[in-house]
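# Geometric and topological summary
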Amino acid sequence: MNDPVPIIRDIDDLYPRDALQYQKRRFERLRHRFAELYGGKTPRFIARSPGRVNLIGEHIDYSLYEVLPMAIAADVLIAVSPLSKPADSEDDVKVYVANLNPQKFKAEEFTVPKKGNIEIDSSTLQWTNYFKAGWQGAIELLEKEDPELSPCGMEVLVDGTVPAGGGLSSSAAFVCASALATLRANGLEWVPKKELVELAIVSERSVGVNSGGMDQAASVFSIRGDATSISFYPELYAEALPFPKTGPPITFMIAQSFVAADKHVAAPENYNLRVVECTLAAEVLAADLGLKLKNDHGPLGTSLRGFQNAYNDSDKGNPKDDPEKQIQTMLSLTEKHLSEQGYTREDIASSLSMSVPNLEKKFMTKFPVRAERFYLRQRAQHVFTEALRVQEFKNLLKSPPADARTTLLPRLGAILNESHASSRDVYVHSCSEIDQMCEIAAEAGSYGGRVTGAGWGGCSVHLVPKEKVDAIKAAWEEKYYRKREPDITDEKLAEAVIVSEPGHGAMVIDIS
Ligand code: NG1
Ligand code: MG
């Protein structure tokens, strides 16, 4: 947990064996292009952080309930050469950020501010915003140790293989890798994982999404071969959760819908709105029961988990109940106290005994939202049932029933299906394309599947019998990809579906 990010010298153990040649060529290309761009230089090191797929526990990280993602092999690489200080201290210190794909991601340079922060314009979706967010977070961390720090310039070349807007957290991979690159370039050799994650969570919010912390934690803490169980309460904690070593292999397929989830433009009516709805559900429940919520570090200060704690601390609760029983109690309270019809701003303000402008100021200003009605009951129902599903999924992996093929795998699959139904109907963050992909996979023999990541597009994840992988791929190709895009290229098809082993978390590759 408190280990530093590993530093390695070669990548032989980093990627699955069948992908190693491809990865080696990729590293070569990065070094070659770096030399072309930056006057023949060799990068001093490469900072790397992977994408992730969330197996179960969707949209509950920001309510501070446990989630179960794993890192994937797709990642962001950042080749770095730190620059020495300019001879004249009045001269500007610059950071150059280029991408291996310059058509899509235009290079940019920025000047290190003499005082204060770099400007990040979160109203425009520029790829370099994510680098700047990681850079800024890293510098703030270093300034805690050395308030006089003057950051070095950097030459940087980025290569990412995590599909953007695809629910696999390209953004967190990029922010984590950028922060890691900046910390090391500025002299911090051993970067503590936990501090990197905590700064990356806060940094990513500066890009305009009020995110939980799952992606950054999965990107940094994961260990190759294992899922990563992440909890947020009472503080951030990650633990490797190995898959059962006996019985048939546990195989996950990840499929892109190619519906781009434009979380930035649409955040006020999707992602950020859900964060606000969950916080307001906690606030209204607490007010109704006469409880006071403490600031528990949810993205808006208070959270549903905070409501559970306040209830436990009151004379009504029973903190000695096991965790599942406590969450069951939350579910009953939700059903008893929150209305099915949804709430207007006026309804919520009156429940919380405040004015509508004060409600908006407190909960909807930093991250604005657009909505007429707020479905507090439905959102809380999803959060609590999903938290129970995570516990059941984890318990099954920790003590698997004897007959995996007839008991364990079908039950894990059923939990994924139950999660999807809740995402689709109760939390409403799936889309018809992903619903369809889940149906096609089920018909072709998967145990179960669900929308993964933020949703409204992006990816789905499916638990499948290993021998059905090809049949499921073929079914998607025929019934989804070719129908949607008759001229789809072989290359795009090949990238649409990944059968990923759990990958390794963030690393530094030292090549000096
Ligand atoms: P995506 O959009 O898949 O990176 C987002 C959030 C997570 C979590 C999931 C939903 C960010 C950076 N990440 O993931 O924290 O809330 O949605 O479970 O916003
Ligand atoms: Mg993201």
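Computed from a predicted structure; not experimentally measured. (Residues numbered from 1 in each chain as written. Chains lettered and ligands numbered in written order. Predicted model: local features only at pLDDT ≥ 70, side-chain atom pairs only at ≥ 80, totals over all residues.)

## A short note on the overall build of the chain
Rules: Think of it this way: any DSSP run of H or I at least four residues long counts as a helix, any run of E at least two long counts as a strand, and we number them from the N terminus. Counting other C-beta atoms within 10 Å of a residue's C-beta gives its exposure: the residue is buried at 20 or more, exposed at 12 or fewer, and partly exposed in between, where C-beta atoms are placed from the backbone. By the convention adopted here, residues make contact when the C-beta atoms placed from their backbones lie within 7 Å.
Looking only at helices and strands, the chain has 16 helices and 13 strands in total. Its C-alpha atoms give the chain principal-axis dimensions of roughly 70 × 55 × 45 Å. Among the 512 residues that make up the chain, the fraction classed as buried is 49%. Pairs at least 24 apart in sequence give 73% of the contacts found in the chain among residues at least 6 apart.

## Quick look at the site of ligand 1
Rules: Near residues are defined by distance alone, with the backbone-placed C-beta atom required to lie within 6 Å of the molecule or strand. The classification used treats Ala, Val, Leu, Ile, Met, Phe, Trp, Tyr, Cys and Pro as nonpolar, Asp, Glu, Lys and Arg as charged, and all other residues, Gly among them, as polar.
With respect to spatial proximity, 18 residues lie near ligand 1, and among them S169, S211, G212, G453 and A454 are the closest. Mapped onto the shell around ligand 1, the elements with two or more residues apiece are α3 (170-185) and α5 (214-221). Tallied by class, the residues present in the shell around ligand 1 amount to five nonpolar, eight polar and five charged.

## Overview of the sheet that holds strand β3 (residues 68-83)
Let me state the cut-off plainly: At least two DSSP bridges between two strands are needed for those strands to be called paired. Helix axes are fitted only over the stretch in contact, all axes being lines through C-alpha atoms; the angle between N-to-C directions runs from 0 to 180 degrees.
Taken together, the seven strands give an open sheet; going across it, the order is β1-β13-β2-β3-β6-β4-β5, and neighbouring strands pair in mixed fashion. Among the strands making up the open sheet, the edge pair consists of β1 (7-8) and β5 (108-111). Bridge count for β3 against strand β6 (residues 153-160) is eight bridges, and the pairing is antiparallel. Along β6, the bridge assignment pairs L77 with D159. Lying on the sheet, helix α1 (residues 20-37) is in contact with β3, β4 (94-99) and β6; it crosses β6 at an angle near 145°.

## Notes on the UniProt feature "domain: Galactokinase N-terminal" (unreviewed entry) in the chain
Short version of the rule: UniProt positions are given in the numbering used here, feature names are shortened, and annotations may be inferred rather than shown by experiment.
Under the local residue numbering, the UniProt record ascribes the feature "domain: Galactokinase N-terminal" (unreviewed entry) to residues 33-82. In this annotation, residues 33-82 is assigned 10% helix and 54% strand; the end-to-end C-alpha distance for the span is 17 Å.

## Examining the packing of helix α4 (residues 193-205) against α5
Packed helices, taken two at a time, are described by their axes: the angle between them and the distance between them. Formally: If an angle is under 35 degrees, it is roughly parallel; if it is over 145, roughly antiparallel; if it lies from 65 to 115, roughly perpendicular; otherwise it is oblique. Crossing handedness is defined as follows: a turn of the near helix away from the far one that is anticlockwise and smaller than a right angle gives a left-handed crossing, while the clockwise case is right-handed.
Running from amino to carboxyl end, α4 crosses α5 at an angle of 150°, the nearest separation of the two axes being 9 Å. The angle between α4 and α5 places the two elements in the roughly antiparallel class. You can see that α4 and α5 cross each other, and the crossing is right-handed. For the pair α4 and α5, contact is made by K193, L196, V197, A200, I201 and E204 and by Q216, A217, V220 and F221, respectively.

## What to know about the pairing of strand β7 (residues 226-231)
Note: β7 against strand β8 (residues 237-242), six bridges, orientation antiparallel. By the bridge assignment, S229 is partnered in β8 with E239. Counting the residues that bridge the hairpin from β7 to β8 gives five residues.

## Brief notes about the sheet that holds strand β10 (residues 448-452)
Taken in spatial order, the four strands of this open sheet run β10-β11-β9-β12, and their pairing is antiparallel. Strands at the two margins of the open sheet, each flanked by one partner only, are β10 and β12 (497-499). Neighbour-to-neighbour, the strand axes of this sheet turn through a mean angle of 20°, independent of strand direction. Strand direction decides the pairing type here: β10 and strand β11 (residues 459-464), joined by five bridges, are antiparallel. In the strand pairing of β11, V451 is matched with S460. Lying on the sheet, helix α13 (residues 404-425) is in contact with β10 and β11; it crosses β10 at an angle near 40°.

## What to know about the packing of helix α7 (residues 271-288) against helix α12 (residues 376-398)
Taken N-terminus to C-terminus, the directions of α7 and α12 make an angle of 95°; their axes are 9 Å apart at the nearest point. Judged by the angle between their axes, α7 and α12 are roughly perpendicular. Residues R274, E277, C278, L280, A281 and V284 of α7 pack against L376, R379, A380 and V383 of α12. Residue classes in the contact of α7 with α12 are distributed as seven nonpolar, no polar and three charged.

## Things to note about α4
Applicable threshold: Expected span, for any helix, means 1.5 Å times one less than how many residues it has.
Given a rise of 1.5 Å per residue, 13 residues ought to cover 18 Å, and the 19 Å separating the end C-alpha atoms of α4 matches this to within 8%. Every buried residue of α4 is accounted for by K193, E195, L196, V197, L199, A200, I201, S203 and E204. Elements in contact with the buried residues of α4: α2 (127-145), α3 and α5.

## Points about the UniProt feature "domain: GHMP kinase C-terminal" (unreviewed entry) in the chain
The UniProt record annotates "domain: GHMP kinase C-terminal" (unreviewed entry) at residues 410-481. Between the end C-alpha atoms of residues 410-481 the distance is 27 Å, and the span holds 57% helix and 15% strand.

## As for the environment of D403
Here D403 shows up in the loop between α12 and α13. Taking the C-alpha atoms as reference points, D403 and P248, 155 residues apart in sequence, are found 9.7 Å from one another.

## Describing the nonpolar core
Our working rule: We define a nonpolar core as a collection of buried residues of the types Ala, Val, Leu, Ile, Met, Phe, Trp, Tyr and Cys that are connected via C-beta atoms lying within 7 Å of each other.
I78, V156, C176, L180, L196 and A281 are the most contacted members of the largest nonpolar core, which has 141 residues in total. The residues touching V156, leaving out its near neighbours within four places in the chain, are I78, V80, V95, Y96, V97, A98 and A181.

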